[in-house]
Amino acid sequence: MRGFYAFIKKEFLEQIRTFRLWILLAVAVLFGMMSPLMAKLMPEILSSMNMEGMVIQIPEPTVYDAYTQFFKNFTQMGTLVILLIFGGTLSGELSKGTLINLLAKGLPRRTVLLSKYVAAVIIWTVAYALAFVTNYGYTVYLFPETDVKNLFFSLFCLWIFVCFVISLIMLSSTIAPGSFGGLILSAGALVVMLMVSIIPKAEKFNPITLASVNVALLEGTKSVSGLTLTVSITILLILGSLIASILIFEKKKL
Amino acid sequence: MEILELKNVSKRFGTLEVINDLSFSVPEHSVFGFIGKNGAGKTTTMKMILGFLAADQGEIRVLGEKVSYGNTKTNRHIGYLPDVPEFYGYMSPREYLRLCGEVSGLNKDRIVDRTNELLPLVGLDGVNRRIRSFSRGMKQRLGIAQALLGEPKLLICDEPTSALDPVGRKEILDILSLAKARTTIIFSTHILSDVERICDSIGMLHQGKLVVQGSVTEIKNSYSTDVIRLEVGAECQTDQISKELKQMNFISRIVINENKIDIQMTNAEQYGMNILAYFVEKKIPVLKYELLEPSLENVFLEVVG
Ligand SMILES: Nc1ncnc2c1ncn2[C@@H]1O[C@H](COP(=O)(O)OP(=O)(O)OP(=O)(O)O)[C@@H](O)[C@H]1O
Ligand SMILES: [Mg+2]
């Protein structure tokens, strides 16, 4: 257990000193702020443009537009940023050889893997929470009506999806060689899932659904109970990826 | 007790056979010099001891416990200095040693004590810069500090002196000699004078096997043939001389280096006369006649070269 804490501390120090933590937090605040602002201002920007007498009918923006922006930013750019920030966390160390000294002291390999995962999830959670709080503040300030349905479950769906992406990075890093192996393979896996998500029948079984139903949940057109299977599958996939990555890592040639 | 034991270990990379039925053991509190030329398989052997590479055959034991490939419990007894140690560049040496101490399960006070002991010992006292800015030699020194930190029962050093200046080399060898009282050391090198300085026993790795094994004095006496060094006038035809000398059956080897001729033979006291006689007869000016001390280098060249 001491090895676990020691290594998690090292992970945080690394994220701080290599400025990755600050980049992530800055991006989070930016998304949180921009989403409601864009939703609010977009119609005004559009209507301020002189369209030579053409009249564009733009409905008054609602809180749903703000959340649509928020979730869109996070599922696309957010996932990309997470991939870039954590994609090399294990691959980089393996290709550079920085783990050798510590593993040679008897630090169990599963401890390395799990503490990396936990550290990444903590950092993601903090960034996400920060983004949401910022977003919420602006939303309440800018929109008169802020009542939406299933807000926390909707947030949870995206949260668990990114936790799944991080577990995918761990698994990919133990399989693919090179300092970008983890990043490339997990990005590839996500692209495949994205392509599969076109098939309606597969929707229930695809974790990527959790990153696309968020606004539908707020609007009430999707129900929580309709997603329990997807959430359960995603949690199982996270556990499966972690177990598989530990098993592979424990027998990896270094 | 045997701290390290290898039994019939073999390893191949594809078709390249690197280690072939290798067996040896290292007793407690001794320094074992692991010698071999580039690509002989020294690093490969060490990585197998650490579970980083799988042995194709055979068994390795550390303190009697079997090493398993991959994650191996036996590593808790080991301190390892890799041939090119890699660190977290954003840490200071102290921070790095604290991480190492925590990982080895030392308590806080012990880590501070050991750090205060080791940093001056390896010559990094008061260096508070980030490791990123370290030179190769400084990294090597920090590598030795981290390997010794947890007071391991077995210290494995892969060419610990290779990146160091002569003063640094002496310092590190002194540190290793001191550490011998508390640990067992296996270190690889091709600097044979280092070996003579601190090793109790050595093994020479050649074509996957230990071709020579034993204590340093024992090996020097039983393997080394005598070497006579002759310095001749600069205008002499050394090639011609060498060719003619090779006719004598007691000479096993001749090495020419400018106007120095090293002649390896079985019994210099008895046959030295014959050689001098040859030079007198040919009227070749001899500037210097010298009987060289037996050295590991000669043994190495003889068995490996
Ligand atoms: N991962 C690998 N894949 C294929 N071949 C390898 C691998 N690692 C080492 N080898 C080969 O095995 C042989 C032994 O290499 P090793 O690094 O053990 O030598 P060494 O004795 O440590 O040499 P040096 O004195 O140069 O450090 C070399 O021919 C090397 O090319
Ligand atoms: Mg080597």
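Each remark here, short or long, concerns the structure printed above.
Described in the following lines is the structure provided in the data block.

What counts, and at which threshold
Sequence positions are assigned chain by chain, starting from 1 and proceeding in written order. To read the labels, note that chains go from A and ligands from 1, taken in the order they are written. The model is predicted, so local features are restricted to residues of pLDDT at least 70 and side-chain atom pairs to those at 80 or more, both for listing and for counting; the totals for chains, interfaces and linings are taken over all residues. Just so you know, side-chain values use all the structure's heavy atoms and leave hydrogens and water out. Near, as used in this document, describes a residue that has one of its heavy atoms within 4 Å of the molecule or strand being considered. Any pair of N or O atoms that falls within 3.5 Å is considered a polar contact. Within protein, one atom must be able to donate a hydrogen and the other to accept it, and sequence-neighbouring residues count only if both atoms are side-chain atoms. Only the protein chains shown count as cover for residues, with accessible areas throughout obtained via the Shrake-Rupley method and a probe of 1.4 Å. Every helix listed is a DSSP run of H or I at least four residues long, and every strand listed is a run of E at least two residues long, numbered separately from the N terminus. A cavity, in this analysis, means grid points on a 1 Å lattice covering only the protein atoms where a 1.4 Å probe fits yet has no way out; a pocket is instead an open set bounded by protein on both sides within 12 Å along at least five of seven lines, and a residue lines either one if it has an atom within 4 Å of a point. Grid points are joined across faces, edges and corners, and a volume is the space filled by probe spheres set on the points. Side-chain classes are defined by residue name, with Ala, Val, Leu, Ile, Met, Phe, Trp, Tyr, Cys and Pro counting as nonpolar, Asp, Glu, Lys and Arg as charged, and the others, Gly among them, as polar. Each aromatic pair joins two rings of Phe, Tyr and Trp (for Trp, the six-membered one) with centres within 6.5 Å, and gets the label stacked for planes under 30 degrees apart, edge-to-face for over 60, and tilted for any other angle. A fitted line through C-alpha atoms serves as each axis, taken over the contacting stretch for helices, and the angle formed by two N-to-C directions is quoted from 0 to 180°. Between 65 and 115 degrees an angle is taken as roughly perpendicular, under 35 as roughly parallel, over 145 as roughly antiparallel, and anywhere else as oblique. Left-handed describes a crossing whose near helix is turned anticlockwise from the far helix through less than a right angle; right-handed describes the clockwise counterpart. Whether two residues are in contact is decided by their heavy atoms: any pair within 4.5 Å suffices.

On to the site of ligand 1. Looking at ligand 1, there are 14 residues lining it, with B:G39, B:G41, B:K42, B:T43 and B:T44 nearest. Each of chains A and B places residues next to ligand 1. Here an oxygen atom of ligand 1 sits 2.9 Å away from a polar atom, N or O, in the side chain of B:N38. Here an oxygen atom of ligand 1 and a side-chain polar atom of B:T44 are 2.5 Å apart. Against a free-state accessible area of 640 Å², the protein chains account for coverage of 62% of ligand 1. Contributions of two or more residues to the shell around ligand 1 are made by β2 (16-27) and α1 (42-49) of chain B.

Tallied over the entire structure, the rule returns two cavities of 30 Å³ or more. Of the pockets and cavities examined, the largest cavity occupies roughly 60 Å³. What lines the largest cavity is simply A:L24, A:V27, A:A28, A:F31, A:F74, A:G78, A:V81, A:I82, A:W124 and A:A127. When contributions to the lining of the largest cavity are tallied by element, the ones reaching two or more residues are α2 (20-48), α3 (63-86) and α6 (109-142) of chain A. Across the lining of the largest cavity, the residue classes break down as nine nonpolar, one polar and no charged. In this structure, the second largest cavity spans a volume of roughly 30 Å³. Looking at the second largest cavity, the residues that line it are A:L103, A:L107, A:R109, B:L50, B:F52, B:G70, B:N71, B:T72 and B:N75. Each residue belonging to the lining of the second largest cavity can be placed in one class, and the counts come to four nonpolar, four polar and one charged.

Now for the packing of aromatic side chains. Residues and elements named next belong to chain A. Applying the stated criterion to the full structure yields 22 aromatic pairs over all chains. Residues F153 and F156 carry aromatic rings whose centres are separated by 6.2 Å and whose planes lie at 35° to one another, so their mutual orientation is tilted. Of this pair, F153 and F156 both sit in helix α7 (residues 151-175), separated by three residues, roughly a single helical turn. Chaining the aromatic ring pairs together yields one cluster made of F31, F70, F71, F74, W124, Y128, F132, Y136 and F152.

It is worth spelling out the packing of α2(A) against α3(A) at this point. All names here are of chain A. Axis separation between α2 and α3 bottoms out at 8 Å; the angle between their running directions is 160°. Looking at the two axes, α2 sits roughly antiparallel to α3. Considering the relative orientation of α2 and α3, their crossing is right-handed. Taken together, the residues of α3 that come into contact with α2 (itself represented by R20, L24, V27, A28, F31, G32, S35, P36, M38 and A39) are D65, A66, Q69, F70, N73, F74, M77, G78, V81, I82, I85 and F86. Classifying every residue of the contact of α2 with α3 by side-chain character gives 15 nonpolar, five polar and two charged.

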